Amino acid sequence: MKRKLVAAIGIAGMMVSIAACGGGKDGDSGKGGAEAKELTVWLTVDAQNNWPELVKAADDAVQKKHPGLKIKHEYYGWPDKNAKLDAVLATDKAPDVVEMGNTEMLGYMVKGAFAPVDPAKFDNSSAWLDGLKASVTYDGKTYGVPYYAGGRVANWRKDVFAAAGVKSVPKTYQELTAGLDKVQKKEGDKFSVWYQPTRDWYAAMSFVYDAGGSIAKEESGQWKANLSSPESLKGLNEFKNVVDKYMHGDKTKDESDRYIVYGQGKSGMIFGAAWEGATSADPKNDKTGKLKDNLENFVMPGPSGKNMPVFLGGSDLAVPVKSKAQALAAEWINALTGPSGQKTLMGKGNLPNNKTDLATLKDDPETVVPATAAESNWFVPMAPGWGQVEKAQVLQTMLQNIGTGKKSVEAAAKEADAAIDKVINTN
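Residues numbered from 1 in each chain as written. Predicted model: local features only at pLDDT ≥ 70, side-chain atom pairs only at ≥ 80, totals over all residues. Heavy atoms only, no water.

Caption draft 1: Layout of the overall build of the protein chain. On a plain count of helices and strands, the protein chain comes out with 18 helices and 14 strands. Against the compact-globule benchmark of 22 Å for 427 residues, the protein chain has a radius of gyration of 22 Å, which places it among compact chains. Viewed in the frame of its principal axes, the protein chain has a C-alpha envelope of about 70 × 45 × 35 Å. With 427 residues in all, the protein chain has 56% of them scored as buried. In the protein chain, the proportion of contacts linking residues at least 24 apart, taken out of those at least 6 apart, comes to 77%. Per element, the accessible surface of the protein chain, about 17800 Å² overall, is 50% carbon and sulfur. The averaged location of the 52 negative side-chain charges in the protein chain is 3 Å from the averaged location of its 53 positive side-chain charges. (Helix = DSSP H or I, 4+ residues; strand = E, 2+ residues; numbered from the N terminus. Rg over C-alpha atoms; globule rule 2.2 N^0.38 Å. Buried < 20%, exposed > 50% of the residue type's maximum accessible area, 1.4 Å probe, protein only. Contact = heavy atoms within 4.5 Å. Areas by Shrake-Rupley, 256 points an atom, 1.4 Å probe, with all protein chains shown as cover. Lys, Arg positive; Asp, Glu negative; His and termini not counted. Charge placed at Lys NZ, Arg CZ, Asp CG, Glu CD.)

As structure tokens, then:
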């Protein structure tokens, strides 16, 4: 999946009194049924450019059941979608279906922008991937349907590791670090055998969750930061160990240009979005001329002895609470995300929204790695104030302080916990 999801959740000034505009009954988008004559669907350009046949198939299926129904599509780029959505949600002309990045869902659910839906009305909902299910769930209710996903994997340069005597993909964390040590010794301190940007909180939190920790925990309806727990500190300490030993680049950077740095040939391995390795090998990014035949994805082993749990980025589909055709919108979403739709999406290189289809990808050598990696996954705390935590870049600041040595792991985690606790329970 070669697009980068917009992670911002902030929706200040989004709408006027949306929360007071009730939808159907709890858990059921019941407003607007078969009598509606028009359906407006907002999708990103990914659907328009990469699987227009799937969109048409969903249209055809719904129109077959509802003759005369007009379906209008509007397509948006990720950077400008939310500004347009915020503006229209304050009017009575809201779309009936809208595609959201899964990290964007929470802020809108907290504000009451989306109507609740009944998961039982959607195929394979009982098998939705845990991280994707979490992204559409708030306060015990479901407000959207997972569409598709992209996971995270490790990627290494076979030639670099082979030159140091490491010729097979590591199956355990101990094998991985032993191989990294050999390459680092051979290449010297100007080479980042593992290019791991310090501010990459997606990677860092994978270490935290692998160790049994978490960003925050919910107890009796209240969220409390958990980065100072023994388990979380164990994960953060191991992340620091990786950055100290193997990352010899700028330790104040995030992961946004990791694929470019990797393409420059200054590192031997990365752990990131599954598309990053292939993008680094693109001729316009590969400054070595060697990456095309030398890069290989593999499942990232965790220090725990299990596969490293990964963050799943992806898209969800939601029904705005102001939609006048909520029932039809739910039908259209199911037509797009059902079994045939998932087959199409997988054929385009995406991960499906459910465990049943995910298991089928493990039978294909070309998809077994991202599918296996995605089986163990995590998602952000679905707390009302999480958007404020992200906006303030609390985790990135903590990780930079840890990576640069400005603060100890314990002190940085304690400071981050205090910052999180101030806002995580307020919307």
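Caption draft 2: Layout of the packing of helix 8 (residues 201–210) against helix 9 (residues 230–246). Taken N-terminus to C-terminus, the directions of helix 8 and helix 9 make an angle of 130°; their axes are 7 Å apart at the nearest point. By the angle between their axes, helix 8 is oblique relative to helix 9. In the crossing of helix 8 with helix 9, the sense of the turn from one axis to the other is right-handed. Only E231, S232, G235, L236, E238, F239 and V242 of helix 9 make contact with helix 8, whose side of the interface consists of A203, A204, M205, F207 and V208. Here the contact of helix 8 with helix 9 is composed, by residue class, of 8 nonpolar, 2 polar and 2 charged. (Axes fitted to C-alpha atoms, helices over the stretch in contact; angles between N-to-C directions. Parallel < 35°, antiparallel > 145°, perpendicular 65-115°, else oblique. Left-handed = near helix turned anticlockwise from the far one by under 90°. Nonpolar A, V, L, I, M, F, W, Y, C, P; charged D, E, K, R; others polar.)

Caption draft 3: Local environment of the sheet that holds strand 1 (residues 38–44). One open sheet accounts for 5 strands, arranged 2-1-3-13-6; its pairing is mixed. Two strands in the sheet have a free side with no partner beyond their single neighbour: strand 2 (70–76) and strand 6 (145–150). Across the sheet, the mean angle separating the axes of adjacent strands is 20° when strand polarity is ignored. Pairing of strand 1 with strand 3 (residues 97–101) involves 2 bridges; the strand directions are parallel. By the bridge assignment for strand 3, V41 is matched with V97. Along the sheet, helix 2 (residues 52–65) contacts strand 1 and strand 2; its crossing angle with strand 2, the most-contacted strand, is approximately 155°. (Pairing = 2+ DSSP bridges.)

Caption draft 4: Quick peek at the pattern of salt bridges. Enumeration over the complete set of coordinates arrives at 17 salt bridges. Ionic pairing is found between D159 and R157, a salt bridge with its closest N-O pair at 2.9 Å. We classify D159 as partly exposed; its relative accessible area is 22%. Within the structure, one salt-bridge network assembled from shared partners comprises D200, R258 and E276. (Salt bridge = Lys/Arg side-chain N within 4 Å of Asp/Glu carboxyl O.)

Caption draft 5: Seen up close, helix 7 (residues 173–187). Between its terminal C-alpha atoms helix 7 stretches 21 Å, which fits the 21 Å expected from 15 residues at 1.5 Å a residue. Buried positions along helix 7 lie against helix 6 (158–163), helix 8, helix 9, strand 10 (269–273) and strand 11 (295–298). One or two residues past the end of helix 7 sits G188, with phi positive at roughly 90°. (Expected span 1.5 Å × (residues − 1).)

Caption draft 6: Focus on the pairing of strand 1. Where burial is concerned, most of strand 1 is hidden: 6 out of the 7 residues are buried. Looking at chain direction, strand 1 and strand 2 are connected through 7 bridges and run parallel. Paired with T40 across the bridge in strand 2 is K72.

Caption draft 7: Structural detail: the packing of aromatic side chains. Inspection of every chain in the model, using the stated rule, returns 18 aromatic pairs. Here W156 and F161 contribute two aromatic rings whose centre-to-centre distance is 4.5 Å and whose plane-to-plane angle is 40°, an arrangement assigned as tilted. Residue classification places W156 among the buried residues on the basis of a relative accessible area of 2%. Judged by relative accessible area, F161 falls into the buried class, the value being 1%. Pairing Y209 with W378 gives two aromatic rings, centres 4.9 Å apart and planes at 10°, and the pair type is stacked. Of the two residues, Y209 is situated in helix 8 and W378 in strand 14 (residues 377–378); the sequence distance between them amounts to 169 residues. Three or more aromatic residues joined by ring pairs form one cluster here, namely W201, Y202, Y209, F311, W378, F379 and W386. Positioned above the aromatic ring of Y202, the side-chain terminus of R152 is 4.6 Å from the ring centre. (Phe/Tyr/Trp six-rings, centres within 6.5 Å; stacked < 30°, edge-to-face > 60°. Lys NZ or Arg CZ within 6 Å of the ring centre and 35° of its normal.)

Caption draft 8: Summary view of helix 18 (residues 409–423). Compared with the 21 Å implied by 1.5 Å per residue over 15 residues, the 22 Å span of helix 18 between its first and last C-alpha is a close match. Every buried residue of helix 18 is listed here: V409, A412, A413, A416, D417 and I420. Down the axis of helix 18, the buried set is contained in an arc of 135°. They therefore lie on one face. Exposed residues on helix 18 whose side chains face more than 90 degrees from its buried face are K414 and K422. Those residues of helix 18 that are buried lie in contact with strand 9 (222–225), helix 9, helix 16 (386–391) and helix 17 (394–403). (Arc of directions from axis to C-beta.)

Caption draft 9: Representation of the sheet that holds strand 7 (residues 152–157). The 3 strands are arranged 10-7-11 in an open sheet whose pairing can be described as antiparallel. Only two strands of the sheet have a single partner each, and these edge strands are strand 10 and strand 11. The sheet shows a mean angle of 30° between the axes of neighbouring strands, direction not considered. Bridge analysis of strand 7 against strand 11 gives 4 bridges, and the strand direction is antiparallel. The residue bridging R157 from the neighbouring strand is L295, located in strand 11.

As far as function goes, none of this settles anything; it's purely spatial.
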